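Structural description and commentary
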Amino acid sequence: AQTVTQSQPEMSVQEAETVTLSCTYDTSENNYYLFWYKQPPSRQMILVIRQEAYKQQNATENRFSVNFQKAAKSFSLKISDSQLGDTAMYFCAFMKHGTDKLIFGTGTRLQVFP
Amino acid sequence: GAGVSQTPSNKVTEKGKYVELRCDPISGHTALYWYRQSLGQGPEFLIYFQGTGAADDSGLPNDRFFAVRPEGSVSTLKIQRTERGDSAVYLCASKMFGDNEQFFGPGTRLTVL
């Protein structure tokens, strides 16, 4: 069975600074997808960034980028130029190719302060 | 366009009662998912529909939980004989065929007293 671990329950960062959220996962699969979702207080999960395991190049989306280390089974999220609106819970998620089940970690609460 | 909507936003019920939670997916999305998010946890998969049929219901915790999607659009999650441990936020998501991004609704917070 696959598991996703987020070892940082809470993180804080000053506005305009950079922060990195950690995620590790355990799987015997070779073909899968990884995601970072943001959940603000409104509860609605929003996709931040995704990575296909077969792609070596790290995904980037504007201020968000990942460091995907397949051998180490690590998938960290870097947020550059942090903004107050980035304050939220962030969940790392795994999906085995050929299934549609997302397996989530326990989340990291990120607080961006002025 | 409109996103995934869920009703009600909040539901308070008493132990032993029956509840129904509704999900309206994004128009044109063929796949629909239900997840349960307990306090302080990440969402946990319950069931997934492709069209009208349940493609994977391995996450349903027991036979008190049942979900339907009779016309391939709106889905209803039904919980019989609710227990206090059923208290959680129930999230619904939908996606287009061929894509892997699931779009989530705002969830229904269920409280069982």
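A brief look at the structure comes next. (Residues numbered from 1 in each chain as written. Chains lettered and ligands numbered in written order. Predicted model: local features only at pLDDT ≥ 70, side-chain atom pairs only at ≥ 80, totals over all residues. Heavy atoms only, no water.)

1. A short note on the overall build of chain A
- Scanning chain A from terminus to terminus reveals zero helices and twelve strands.
- Residues counted as buried form 48% of the 114 residues belonging to chain A.
- Across chain A, contacts joining residues at least 24 apart in sequence account for 55% of those joining residues at least 6 apart.
- Counting every atom, chain A has about 5,700 Å² of accessible surface; 45% of that belongs to carbon and sulfur. (Helix = DSSP H or I, 4+ residues; strand = E, 2+ residues; numbered from the N terminus. Buried < 20%, exposed > 50% of the residue type's maximum accessible area, 1.4 Å probe, protein only. Contact = heavy atoms within 4.5 Å. Areas by Shrake-Rupley, 256 points an atom, 1.4 Å probe, with all protein chains shown as cover.)

2. A closer look at the packing of aromatic side chains
- Under the defined criterion, the tally for this structure stands at 15 aromatic pairs over all chains.
- Taken together, a centroid distance of 6.0 Å and an interplanar angle of 35° make the contact between Tyr 25 of chain A and Phe 94 of chain A tilted. Linking Tyr 25 of chain A in strand β4 (residues 24-26) with Phe 94 of chain A in strand β10 (residues 88-96), this pair joins segments that are 69 residues apart in sequence. In this pair, the class of Tyr 25 of chain A matches that of Phe 94 of chain A, namely buried.
- Between Tyr 35 of chain B and Phe 104 of chain B the ring centres are 5.6 Å apart and the planes differ by 40°, which places this aromatic pair in the tilted class. Taken together, the residues Tyr 35 of chain B in strand β4 (residues 31-37) and Phe 104 of chain B in strand β10 (residues 103-104) connect sequence positions 69 residues apart. Both residues of the pair, Tyr 35 of chain B and Phe 104 of chain B, count as buried.
- Taken together, the ring pairs connect Phe 35, Tyr 37, Phe 91 and Phe 104 of chain A together with Tyr 33, Tyr 35, Phe 45, Tyr 48 and Phe 104 of chain B into an aromatic cluster. (Phe/Tyr/Trp six-rings, centres within 6.5 Å; stacked < 30°, edge-to-face > 60°.)

3. Topic: the environment of Glu 52 of chain A
- Among the secondary structure elements, Glu 52 of chain A is positioned in strand β6 (residues 46-52).
- Here Glu 52 of chain A is in contact with Tyr 32, Tyr 33 and Phe 68 of chain A, once residues within four sequence places are set aside.

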